[in-house]
Each structure stands twice: as structure tokens, then as C-alpha cells.
Amino acid sequence: MIILQFSPSSSHQGEDSNGPLCETISNTESELRSNSEGLSSTETSLLIPDHQVISKRHQSKDSVFFRDGVRRIDFVLSYLDDPNKEEEKKAERRREFEKNLQKAGLELETEDKKESEDGKTYFVKIHAPWEVLITYAEVLNIKAPIKENDIPPTVENPLDCILEPFRLPEKVMHPEPDYFTAPFSKSRQELYLIDNESTFFSPSRRNRIVYYILTRCPYGTEEGKKKFGIKRLLSNGTYTAAYPLHDCQYWKKSNDPNCDNERYTLYMEWARFLRFYKEQPLDLIRKYYGEKIGIYFAWLGFYTEMLFFAAVVGLICFLYGLFTMDENMSSTEICAPAIGGEIIMCPLCDEKCEYWKLNTTCESSKYSHLFDNVATLFFAIFMGIWVTLFLEFWKRRQARLKYEWDLVDFEEEQQQLQLRPEYEAKCTHKKKNPVTQEMEPYLPLTSQAVRFCISGTTVLFWISLIIASMIAVIVYRLAVYAAFASIMENTQTLQPISGLLTPQLATSVTASCLNFVIIMILNFLYEKIAVWITDMEIPRTHLEYENRLTMKMFLFQFVNYYSSCFYVAFFKGKFVGYPGTYTYMFSRWRNEECDPAGCLIELTTQLTIVMAGKQIWGNIQEAIVPWIWNWWGRRKARCNPENLYSRWEQDHDLQSFGALGLFYEYLEMVIQFGFITLFVASFPLAPLLALMNNILEIRVDSWKLTTQFRRPVAAKAHSIGVWQEILNGMAILSVVTNAFIVAFTSDMIPRLVYYYAYFTNEDSPMSGYINNSLSVFQVSDFLEGKRPENNPENFLTCRYRDYRYPPGHEKKYLHTMQFWHILAAKMAFIIIMEHIVFIVKFFVAWMIPDVPAEVKARIKREKFLTQKILHEYELDKLKQKLCECKTYENMEKEVIATEGKVELSQAM
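Note that this is a predicted model, so its numbers are computed, not measured.

## A look at the overall build of the protein chain
Here is step 1 of the chain: Looking only at helices and strands, the protein chain features 28 helices and 19 strands.
Here is step 2 of the chain: In the protein chain, which comprises 908 residues, the proportion classed as buried is 54%.
Here is step 3 of the chain: Pairs at least 24 residues apart make up 80% of the contacts formed inside the protein chain by residues separated by at least 6 positions.

## Some points on the sheet that holds strand β4 (residues 121–127)
Here is step 1 of the chain: Read across the sheet, four strands follow the order β3-β4-β2-β9 without closing on themselves; strand pairing throughout is antiparallel. With one partner strand each, in any of the chains shown, β3 (107–111) and β9 (241–243) form the two edges of the open sheet. Going across the sheet, the axis of each strand differs from the next one's by a mean of 20 degrees, ignoring polarity.
Here is step 2 of the chain: By the bridge criterion, three bridges tie strand β2 (residues 75–80) to β9 in an arrangement that is antiparallel. By the bridge assignment, Val 76 is partnered in β9 with Tyr 243.

## Structural notes on the side chain of Lys 704
Here is step 1 of the chain: Structurally, Lys 704 is set in helix α22 (residues 686–708).
Here is step 2 of the chain: A polar contact of 2.4 Å, which involves the side chain of Lys 704, links it to the side chain of Glu 665.

## Focus: the nonpolar core
Here is step 1 of the chain: Of all hydrophobic cores here, the largest spans 136 residues; its most connected members are Trp 299, Tyr 303, Trp 386, Phe 390, Tyr 562 and Phe 675.
Here is step 2 of the chain: Ranked by residue count, the leading element in this core is helix α10 (residues 291–323), at 16 residues.
Here is step 3 of the chain: Other than its neighbours up to four places away in sequence, Tyr 303 contacts Trp 386, Phe 390, Met 669, Gln 672, Phe 673, Ile 676 and Asn 694.
Here is step 4 of the chain: Phe 97, Ile 126, Phe 201 and Val 855 belong to the second largest nonpolar core, which has 48 residues in total.

## Let's talk about the pairing of β2
Here is step 1 of the chain: Judged by how many residues are buried, β2 sits mostly within the fold: five of six residues are covered.
Here is step 2 of the chain: Pairing of β2 with β4, which is carried by six bridges, proceeds in the antiparallel orientation. Pairing of Tyr 79 across the sheet is with Tyr 122, part of β4.

## So, the packing of helix α13 (residues 374–404) against helix α23 (residues 722–745)
Here is step 1 of the chain: In contact at an axis separation of 9 Å, α13 and α23 are set at 170 degrees when each is read in the N-to-C sense. Taken as axis vectors, α13 and α23 run roughly antiparallel relative to one another. Contacts from Thr 376, Leu 377, Ala 380, Val 387, Leu 391, Trp 394, Lys 395 and Gln 398 of α13 reach α23 at Gln 724, Leu 727, Asn 728, Ala 731, Asn 738 and Val 742.
Here is step 2 of the chain: Class assignment for the residues of the contact of α13 with α23 results in eight nonpolar, five polar and one charged.

## Points about the packing of α10 against α22
Here is step 1 of the chain: At a closest axis distance of 7 Å, the pairing of α10 and α22 adopts a crossing angle of 155 degrees. Judged by the inter-axis angle, α10 sits roughly antiparallel to α22. Crossing geometry of α10 relative to α22 is assigned as left-handed. In contact with Ile 293, Tyr 296, Phe 297, Leu 300, Gly 301, Tyr 303, Thr 304, Leu 307, Phe 308, Ala 310, Ala 311 and Leu 315 of α10, α22 contributes Pro 687, Leu 688, Ala 690, Leu 691, Asn 694, Ile 695, Glu 697, Ile 698, Asp 701, Ser 702 and Leu 705.
Here is step 2 of the chain: In terms of residue class, the contact of α10 with α22 is made up of 17 nonpolar, four polar and two charged.

## Describing the pattern of salt bridges
Here is step 1 of the chain: Summed over the entire model, instances satisfying the criterion amount to 34 salt bridges.
Here is step 2 of the chain: Across the pair Arg 71 and Asp 68 runs a salt bridge whose closest N-O atoms are separated by 2.7 Å.
Here is step 3 of the chain: Note on Arg 71: relative accessible area 18%, which makes it buried.
Here is step 4 of the chain: Between Asp 74 and Arg 206 there is a salt bridge whose closest N-O contact spans 2.7 Å. Of this pair, Asp 74 sits in the loop between β1 (31–33) and β2 while Arg 206 sits in helix α6 (residues 203–214), and the two are 132 residues apart along the sequence. Here Asp 74 and Arg 206 have matching classes, each one buried.
Here is step 5 of the chain: Salt bridges linked by common partners bring Arg 67, Glu 109, Glu 111, Glu 115 and Lys 125 together as one network.

## Quick word on the packing of aromatic side chains
Here is step 1 of the chain: All told, the structure shown has 60 aromatic pairs when counted by the stated rule.
Here is step 2 of the chain: Ring centres of Tyr 296 and Phe 297 lie 5.0 Å apart, and the angle between their planes is 70 degrees; on these two criteria the pair is classed as edge-to-face.
Here is step 3 of the chain: Phe 297 gets classed as buried once you look at its relative accessible area, which sits at 2%.
Here is step 4 of the chain: Their ring planes at 25 degrees and their centres at 6.4 Å tell us that Phe 378 and Phe 382 sit as a pair that is stacked. With a gap of four residues between them, Phe 378 and Phe 382 both fall in helix α13, about one helical turn apart.
Here is step 5 of the chain: Exposure remark for Phe 382: the relative accessible area of 22% places this residue in the partly exposed category.
Here is step 6 of the chain: Above the face of the Phe 65 ring, Arg 72 is positioned so that its terminal group lies 6.0 Å from the ring centre.
Here is step 7 of the chain: Just above the ring of Tyr 288 sits the side chain of Arg 711; from NZ or CZ to the centre is 3.9 Å.

## Side note on a nonpolar patch on the surface
Here is step 1 of the chain: The grouping of Ile 616, Trp 617, Ile 620, Ile 624, Val 625, Trp 627, Ile 628, Trp 629, Trp 631 and Trp 632 at the surface amounts to a nonpolar patch, some 1000 Å² of accessible area in total.
Here is step 2 of the chain: Along the chain, Ile 624 falls in helix α19 (residues 600–633).
Here is step 3 of the chain: With relative accessibility at 44%, the residue Ile 624 sits in the partly exposed group.

## As for the state of the cysteines
Here is step 1 of the chain: Using the criterion set out here, one finds three disulfides in the structure.
Here is step 2 of the chain: One disulfide in the model links Cys 335 with Cys 362; its S-S distance is 1.8 Å. Taking the torsion about the sulfur-sulfur bond, which here is approximately 100 degrees, the covalent link between Cys 335 and Cys 362 counts as right-handed. Placement of the pair is Cys 335 in helix α11 (residues 329–335) and Cys 362 in helix α12 (residues 362–371), with a sequence separation of 27 residues.
Here is step 3 of the chain: A relative accessible area of 12% places Cys 362 in the buried class.
Here is step 4 of the chain: Between the sulfur of Cys 349 and that of Cys 353 lies a disulfide, 1.7 Å long from S to S.

## Re helix α26 (residues 817–847)
Here is step 1 of the chain: Over its 31 residues, α26 extends 45 Å from the first C-alpha to the last, a length consistent with the 45 Å expected when each residue adds 1.5 Å.
Here is step 2 of the chain: The set of residues buried in α26 consists of Gln 818, Ile 822, Lys 826, Phe 829, Ile 830, Met 833, Glu 834, Val 837, Phe 838, Lys 841 and Val 844.

## Here's the deal with unusual backbone geometry
Outside of glycine, negative phi angles account for most residues, and trans bonds account for most peptide bonds.
Here is step 1 of the chain: Unusually for a residue other than glycine, Asp 406 sits at a positive phi of about 60 degrees.
Here is step 2 of the chain: When you line up the elements, Asp 406 lands in the loop between α13 and α14 (412–416).
Here is step 3 of the chain: Positive phi outside glycine occurs at Ile 538, with the angle close to 50 degrees.

## Some details on a negative patch on the surface
Here is step 1 of the chain: Taken together, the side chains of Glu 148, Glu 176, Asp 178 and Glu 404 define an acidic patch exposed on the protein surface.
Here is step 2 of the chain: Along the chain, Asp 178 falls in the loop between α4 (170–173) and β6 (179–183).
Here is step 3 of the chain: Taking the relative accessible area as the measure of exposure, Asp 178 reaches 39% and is therefore partly exposed.

## As for the pairing of β4
Here is step 1 of the chain: Across the seven residues that make up β4, a large majority, seven, are buried.
Here is step 2 of the chain: Of the two faces of β4, the one holding Thr 121, Phe 123, Lys 125 and His 127 and the one holding Tyr 122, Val 124 and Ile 126 are both buried throughout.
Here is step 3 of the chain: Strand direction decides the pairing type here: β3 and β4, joined by five bridges, are antiparallel. Paired with Glu 111 across the two strands is Phe 123, which belongs to β4.

## Some thoughts on helix α21 (residues 661–678)
Here is step 1 of the chain: Relative to the 26 Å expected for 18 residues at 1.5 Å per residue, α21 spans 26 Å between its end C-alpha atoms, a close match to the ideal helical length.
Here is step 2 of the chain: Within α21, 17 of the 18 residues are buried, leaving the element largely enclosed by the surrounding structure.

## Considerations on the environment of Val 776
Here is step 1 of the chain: Its location among the elements puts Val 776 in strand β18 (residues 774–778).
Here is step 2 of the chain: Those residues in contact with Val 776 that lie beyond four places of it in its chain are Thr 797, Cys 798, Arg 799, Tyr 800, Pro 806, Pro 807 and Tyr 813.

Rules used throughout
Residues numbered from 1 in each chain as written. Predicted model: local features only at pLDDT ≥ 70, side-chain atom pairs only at ≥ 80, totals over all residues. Heavy atoms only, no water. Helix = DSSP H or I, 4+ residues; strand = E, 2+ residues; numbered from the N terminus. Buried < 20%, exposed > 50% of the residue type's maximum accessible area, 1.4 Å probe, protein only. Contact = heavy atoms within 4.5 Å. Pairing = 2+ DSSP bridges. Axes fitted to C-alpha atoms, helices over the stretch in contact; angles between N-to-C directions. Polar contact = N/O pair within 3.5 Å; in protein donor to acceptor, adjacent residues only side chain to side chain. Core = buried A, V, L, I, M, F, W, Y, C linked by side-chain atoms within 4.5 Å. Parallel < 35°, antiparallel > 145°, perpendicular 65-115°, else oblique. Nonpolar A, V, L, I, M, F, W, Y, C, P; charged D, E, K, R; others polar. Left-handed = near helix turned anticlockwise from the far one by under 90°. Salt bridge = Lys/Arg side-chain N within 4 Å of Asp/Glu carboxyl O. Phe/Tyr/Trp six-rings, centres within 6.5 Å; stacked < 30°, edge-to-face > 60°. Lys NZ or Arg CZ within 6 Å of the ring centre and 35° of its normal. Patch = residues over 30% accessible without salt bridge, like charges linked within 9 Å, V, L, I, M, F, W, Y side chains within 5 Å. Areas by Shrake-Rupley, 256 points an atom, 1.4 Å probe, with all protein chains shown as cover. Disulfide = S-S within 2.5 Å. Expected span 1.5 Å × (residues − 1). Lys, Arg positive; Asp, Glu negative; His and termini not counted. Charge placed at Lys NZ, Arg CZ, Asp CG, Glu CD.

Fair warning: the whole summary comes from geometry, so function is off the table for now.
Listed below in C-alpha cells is the structure:
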């Protein structure tokens, strides 16, 4: 074992960090058999003296350095002095863990509990010296700068002067120069631009390296197995927290002149709501929080920008419906006393409900026209094309970010090769890896099959639970519908609003609210179940873990949020039957009917309540709840002077971003994406609501991340991952759902069929449509027990919404030919619309390349120049060796070979 003496390191700024976010998700036990190791022998070849508790000095503790003011704090561990029967065991684990951290080369410094604000918490500060950093930089394949980028910038956009008010200062947008980079190698340090060892690796890269060591460092042997990893120590209470530090307070700059104050800059330029109209400082976000968080905000910002165009078109379609509301012949006839006032409708429920006049639905039919008009068809087709443009242009934006953030050569395989510590701990079987030819743990096929069966069964059970809850809400709708109808007809106080608040609408609103509450409760329960069953599957890598959890959560959320909308859109009012032969659920509750003006307004109501409710509740959860917890946790420390309330204590009192923090942000936005694409034909204002929410969402997310949460361990990512495939799938499904909504939920196709084939007045083709769309039923044909109890005016017939032959006809109550014509027109419309939109979608996707030509050229140029620099470096080094060792012929041959490689590279 080699013992090295390290020189102290100093301050620098933040950028990169640990691998996938889900590396901290699982709480399963991290353990290995006693003959295995958390860190390889080459990774533990650095030793330093044991750390000690350093006495308090008279200086400000609002600092990111050790007591010597030189060595930077890269990570902090905390634990409580809580004497109990397990405390001795925990103390032994800590001693062994910290001893092994020292063997790995880390330097530790402990703050005694007497110096903490609560008098109970110990803080262990960790510093990674230069030798540790360069060792693990090579292990983690971290790229380092070798030359400043000399490729000319792209030509300026002529519209830049118009966009100037939305720009941020250049120093904020591009906090560091652009470099050509290469994977770091200890053996050729002179190749890299190392001006200062203390600032060469940014704070986020330093904490990435430290966290890598923490997750693989052993802490003892229990039950014959060697256990390791900070995650296990956190889960069993040995440590209470592990986190990197923010560089300063968010509301003021640090007193340290060497501090970059990036957190302060992010707060002032990005996290305040008054900056909502400004662009996001993506490079600074990536530098401080890492690529994974940076790519999320880049995607969210791009999605919001694209929503602007959809919102404008949707608003125009809504205004068209608003301005043509009085010209709508259907609502005009329904409201006319001579037409709607004379049409007697069949009762809405059995026995208790009475006959009613059609013009009582006058107001709701007018509002229905806002969303059920010819602009609906145009907007549905537009959104099918918009979603394709959004996804294709995002691929181009993503490709540009990959180049700018030096992620071109970053492949998921790097993550695939990193086994999860939990996988290594739980899998006792080993086999040879065909790629590395090394023995590695694996999970037998039989064990995988059993675990997948249990997991699949659990997921199906919860999805069945959602369907059961939806059926319960449907039963509620059917059960209370009769009550609402009876109350509204017989209560005088409700007469002034009876035209606006119909029994259908009252039932729909209350059922939607009830459904939203059930959705929130099921979400809360399923989140814990999803993590548990994913842990039980023991995914091999961090990427597999995140992908499996994503699919489970999305599948559940998809069914949970959209099932009620699917019911209203495609099932309500479609299987009602007709008077005298109604269809009943469970032979007890009569199925719901649509409003005479159609079911689209009810789908709009359902969509608005669930979508708006989710967004409001989400913002409350994301902003207000963390703020309350932080206020409560820091209420005693608020009066402490700065030199007593240390930087590590301030961050300790913040909320943890959580293993699933970014996952839930993506999930929230993808669910919203479903609302504005799958059902947008029923609510053109949905993109506008989403746009306003996202403008707030960006600032809420940035505010809570900058002010309310500890600094997360950053992660590398070159894309939004599996979410891209989910968005593609939803984009395809949205074409189908919107085609069916226009055909079967809206009243457009029946109106068009009447307009072209069944009109009776050439001067006003739509006049008489309402009378044509209502069939006649003879009251005497009601079955006993179904006939209304009261018929004071002795009505002989009533009307209902369907296309059936009248009483006295030889095909009494059978569907008319017009019904089949309308059905054929609906099916033809679905096929034609789907084919048109799909053809345009695929043509647009084919026309737009995923990677801009300019970015391709710059990538090739950078690769060429980087290879040239590396080859010239190797050549110079070999020539130097040749001068020192002139007697070796093989060295001369190596120089010739290297020169040939340089020439070949240039030729290529």
C-alpha cells in the first residue's frame, strides 16, 4: 500500500456531478460477501492520517472550507447524538466507514455537537485532495479541457435585436469559455489546461467523485457479508443526511472573494417570478446542478415556447366559437319558445323525474357551441401536426445541447457498465462478463421471472383498483343524477340558475371533483408501492431502475388521470338504449344520457377540473409545503448570527431534493402534455392554461431548487431518456383520440350529414336539425315501474336523442337509415383524418433532420482537432523519450508509427 502526502486544495466553482438520479432511489440493503469489495484495490491505494475533531476558532462558519480556510468542503455527513441500545453499533459503523474513507484518500474534519445549533448534531466534512480527484476522474471518464475552442460562432440571428429584452447578460448565459476536451488521464496531466489544481475540477465534479466513493465504501461485516455504501447507512439511521454544499446564501453574495456566488446569480436572474419573461441561463444551471437537471429545464423551457403557438391558435378557435355563438342554429332552435319551448323531452330518470321542455337547456347549448364548432376540427388537425413539430424540433435542440455541453461521446453504455450497489449486494451468483471478461454478479432467470410476476400482478391490481374507483364514480353519477333532476325541478330557489346549471352539468361537476380527490389519494399510495416493487425487482443498473420505475408510474398515472376523461368522451351516452328499453348498470342504475347539445361540454368540464386541479395542487405541493417545512425547521436558528449558523447547518435545515425529485417533475409535465394532446379537440383553451401554468412552473421549480432544497448531487444525461418514447407514443395516440372525439363525442358529423343530405330548407340548411335529431316515444309504451309518477298535463309522446322510427311505423323504435349514414360518416371521417394527419406527421418528421447540419459539421471539426492535439502530444512525448534513449530502435519505430497515425487521422 502506497502512502502519499497531499497538499491542501482550495476553492472553485460548481458544474458536474454523480450519475443517474435514481442512484439514490433505493433503500434496499447494500451488502457483499466478505470476499468482495466496494472499491477496487487501485481505488483504495491512497492513505492519509486519521481525522480528528478540530477545536473551534474565532471565525465565521458561513464558509465552504475546512477550518484552515484552504481545503474545500466537497461533501457533508451528519449524525445525531441519540443514546440508545443501537447507538454503539451505529458508532462502530461510522468509525469503520470513516476509516475506509480515509483509506480511499479522503480528508475528514468533524464539527462537535456542542458547536451545532441544536447541540445534538455532529457534522463530518469531507475534502477530496488532488490525487484522489485525478484518480477517480480517470475512473469515471470525466472530460477535461485541452484547448480553447477556436471554431467561429454561428452567424447572429437578425431578430436578436427584437429579442434583446428577453436576454440575460452574457456572463450569466455563458459563465465559462468553450473548450476542446478529452477524457482525463493521470499519465498525461501536462496535456490539460491545469492553471490551478484547486479550481481545475469544479465543485459539482468534486462532489460527484466523492459521492462515487461514498456509495461504494465498505463499513463492516455483518452476518458474514461485507456491507457498504452511504445509502444503507442513511436508511439504517447511522447518518441522518449526506449532501454537497451550496456555494453561498441565495439572497446575498459570499464574503469570500474567490466564491463565484452561482447560487446567488441563479436566484437573482432565474428563480424570481419577476424574471418570467427572461430566457433561462441553461449553461449556468448545468454548471451548478449538472446536465440532468439542466436538460430538464431546457426541455421545459422549449415545451413552454412551443405551447405559445398552440395557445394562440387555440385562443383564436375559442374566439371564433364565442363570436359565432348567436349564429348557431342548434342553440337558436333549442332556445326558441316556438321550437325548444314546445318540445317535451322524456324523463331523465325512472319514476321520480318528470317530463321537461327542451329550452331548459338553452344556456348550456350556447356554451357547448364555444367548443363544438367547425374550428374544433381545424384545431384537432393542427395539434396533430404541432406535436410532431414539437418533438422533431426538440430533437434538434437536444442535439445542439449535447454538442455545447460536451456530451456527444457520452453514451448510456457508460451507465450500463456501472452496476447498482444494491444489485451487487443482493445477487450472490456470479458469471463472466463477455465484454470485460471479468466475474460479475447476476440474477438467475428463475428469480427474475418470479420477481416480474409479483411486480406485474401488483401493477395490474392497482390499475384494477383505479378502474374500480372509476366505476364507483360512474355509479355515483347515476345514483345522484335522479336526485339532482328531482331537486332542480321542484326547488323554487334554484329556478334562476336552472337554465345554466342543468342536472347533467351538476352531476358532471360534482363527479369530477370527487374523481379528482380519488386520483390524488391513489397517487399518494401508489408512489410508495411503485418504489417498493421496483426495488424488489433488483434492476441491474441505475438506468434500468429509472426506466422501470418510470414505466410503472406513468402507466398508473395514465389510467388514473385519463380514465374518467375516456369514459365521458367515448362511453357516456353511447349505450343508453331508448325509453321503455333503457340500459342499466348492474341491473339497477340507468345509464347516463348526454345533453341534447352533446357530451362535449361535459368532457370540457371534466378536463378543466382535473387538469386545473392537478396544476394548482402540484404548485402547492412544490412551493408552499417545502417553504413551511423549512420555516418550521429553522425557526430557532433565524436569530443566530452568521458566524454561529454555519453553512453546513443552513443546508442541513433545507429539504432534501429527494431521489425522485426530477422524476416527479417530468411526470407532472408529461401528464399535462397528455391533457393538451389527447383531449384537445374538446377544449381549445387547454394549451393556454398549460402555457400559463408552465411559465409559473419554471419559476416555482427554479425557486424551490435554489432556495428551499439542499444542493442535489448532480447527474450526467444527454437526453430526457425514456420520456422521449412516452411522448412519441402519446403523440400517435392523440391523433386517434381526437379523431374519435370529433366523430363520436361532438355533434359535428351528425350536423354535416343533415346539412348535406337531410336538410329541408335550401335557404337555411341547418334549420330543423334539432327536431330531426330527436326521436318520438309514445308514453303508453313505458313499462310498469319505469313510467313517471306525475304527468299532470297528460303528455302522449315525448322526445329523446336518437335516430329511431316513431310509434306506428312498421320498424317501430328501430334505428333509421339516417343513423347508419351518420355512423358510416363517422367511421369514414376517422379513417380520413387519421391518414391525413399521420401522412403529414411522418412527412414532417422525415423532412426535419434530428441533428442540424451545422452541429454535425462542428462535431466532426471538434473530433478532428481533438484527435490531432492528442496525436501531436503523443508524438512529442515519444520524440522526447527517443532523445533520452537513443539506443532503442523500437522507440524510433514507435515514433514513425505515431507519425503515420497522425497523417492517417488528417486524411480521414
